[in-house]
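Tertiary structure, described
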Amino acid sequence: MDARSCPALRPVESVVVPDREHGRVLVLRDTHGVTQSQAVVPPALIPVLVRFTGRLTCDEIAREASAELGIGVPVELVVKLAAELERGLFLEGPSFRLARTRVEREFAAAAVRPASHAGGAYHSERRALERYIEQSCLAGANGAYTDSTRTLGNGAARMVALVAPHIDPWRGALGYGHAYGALASALPPEADTFVLFGTSHAPMREPFALCRKAFDTPLGRVEADTSSIDALAGRAAGFDPYADEFNHKREHSLEFQVVFLKHLLKSREFRIVPVLAGLGAHQLSGHDPGQDACVSEFIGGVRDLVRSRPGRVVVVAGADLAHVGPRFGDARPYDEKERATLELADRASLDRAISLDANGFWAHVTADLEGRRICGLAPIWSLLGSLASESVCGRVLHYEQTVDREDGSIVSHAAVGFYE
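All of the points below concern the structure found in this document.

What counts, and at which threshold
Residues numbered from 1 in each chain as written. Predicted model: local features only at pLDDT ≥ 70, side-chain atom pairs only at ≥ 80, totals over all residues. Heavy atoms only, no water. Helix = DSSP H or I, 4+ residues; strand = E, 2+ residues; numbered from the N terminus. Rg over C-alpha atoms; globule rule 2.2 N^0.38 Å. Buried < 20%, exposed > 50% of the residue type's maximum accessible area, 1.4 Å probe, protein only. Contact = heavy atoms within 4.5 Å. Areas by Shrake-Rupley, 256 points an atom, 1.4 Å probe, with all protein chains shown as cover. Lys, Arg positive; Asp, Glu negative; His and termini not counted. Charge placed at Lys NZ, Arg CZ, Asp CG, Glu CD. Phe/Tyr/Trp six-rings, centres within 6.5 Å; stacked < 30°, edge-to-face > 60°. Salt bridge = Lys/Arg side-chain N within 4 Å of Asp/Glu carboxyl O.

Assigned secondary structure in the protein consists of 14 helices and 14 strands. For the protein, the C-alpha radius of gyration of 22 Å lies close to 22 Å, the compact-globule estimate for 420 residues. Across its three principal axes, the protein shows a C-alpha extent of roughly 70 × 50 × 45 Å. Each of the 420 residues in the protein was classed as buried or not, and the buried ones make up 55%. Pairs at least 24 apart in sequence give 76% of the contacts found in the protein among residues at least 6 apart. Within the structure as shown, the protein displays about 17,900 Å² of accessible surface, and the carbon and sulfur contribution to it stands at 50%. Separation of charge centres in the protein, based on 46 positive and 54 negative side chains, amounts to 4 Å.

As structure tokens, then:
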């Protein structure tokens, strides 16, 4: 790396976090799992970092950043930052490509997807995890979910689909308790297949990504329903459903659902169909993905799977709602009035979801996607499209705004049950 190099930051997750020395810093994280490292960038270097596009040399970046800041930015500083990010595998280039090829090859050859977030986002020790789910999640919901079927007017309604949070179980304990408590109280006894739609926090090339691997958890392994996965792959007309399979390696939105399912079902035999929903191009354009023949055909495959095994297939979406506040790029935390307005907007979206209005849900969320930053749009829309049944009705079981203690940022999430 020298003054003539053109550094290019690769697609990574960026969040703003509090820092004692700098007030706030930008943290870069690799959602693909090529590197476990994180990069911390102080505010003064952000005008430099945003110019790491691959189009400018380090010398040109130094000159442009100097003009913007009104102070001299030494080219040596730009080169040093680029070299450190290159060593950390945050830049495009030979080092990153070599590392990614190696990690992709290892993941492709593995029969089992490891529990990537065990020991971080939740307990890695079996008994500690079981106690946490029982005492902090399910008991924390205090049995509120037991009334969910009674108020539907359907008698002994059975759950056919569930929207659960994918925030980490430490912060989302209550939401998970409501979601999976409700599932436990209304799960059909014959249910043995769970189609899991999750958000891909890493960029995807295709609208959906399948994974044929079993998922490991501290509670035991959960097998994949490879025959159903293969059938869905056959319905992926016009795109490769395995092109983004590597995104499953570090993605938590599905991993957390598998952990809770395994805890509920214990030794009962069941299988999963893991699907990451991207629909990135549709989100950028705002266009209804239901008008895309490739997307519709794939979702039709899931719908046919549900219909072909009455009572045996349950669809689960691991999906959070809004992400607002300083951590996500807003200038300040939301005040009480803004939080109330946010809840009204979230609930208006959920009203469309429980009415099985997939198109209305998509339109309502995309109308202010840049403001609310709802990351569960694609999986919830996919779940709704999989439930074409007049006998299905939905209910919001729980809504919550989890507030960060340090900077007041908010992640909202909900537990939503669909019953037949």
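Right, picking up where we left off after that structure.
This part is about the packing of aromatic side chains. Scanning the entire structure with this criterion turns up 10 aromatic pairs. Between the aromatic rings of Y180 and F260, the centroid separation amounts to 5.3 Å while the plane-to-plane angle is 20 degrees, which identifies the pairing as stacked. Of this pair, Y180 sits in helix α6 (residues 173-186) while F260 sits in helix α8 (residues 252-265), placing them 80 residues apart in sequence. Grouping aromatic residues by their ring pairs yields a cluster made of Y176, Y180 and F260.

Using the criterion set out here, one finds 25 salt bridges in the structure. Among the ionic pairs, R51 bridges to E64, the shortest N-O distance being 2.9 Å. Of the two residues, R51 sits in the loop between α1 (46-49) and α2 (58-69) while E64 sits in helix α2, which places them 13 residues apart along the sequence. Taking the shortest distance from any N to any O, the salt bridge between D346 and R372 comes out at 2.9 Å. Here the residue D346 occupies a position in helix α11 (residues 336-354), and R372 occupies one in helix α13 (residues 369-372), the gap between them amounting to 26 residues.

A positive phi angle is found at L89, which is not glycine, with a value near 70 degrees. Looking at the element boundaries, L89 is found in the loop between α3 (75-87) and α4 (94-109). What makes L89 buried here is its relative accessible area of 15%. Of note in this structure, R373 is not a glycine but carries a positive phi near 55 degrees. Summarising the element assignment, R373 is placed in the loop between α13 and α14 (377-385). The class for R373 is partly exposed, based on a relative accessible area of 23%.

Just geometry here; none of it tells us what the structure is for.
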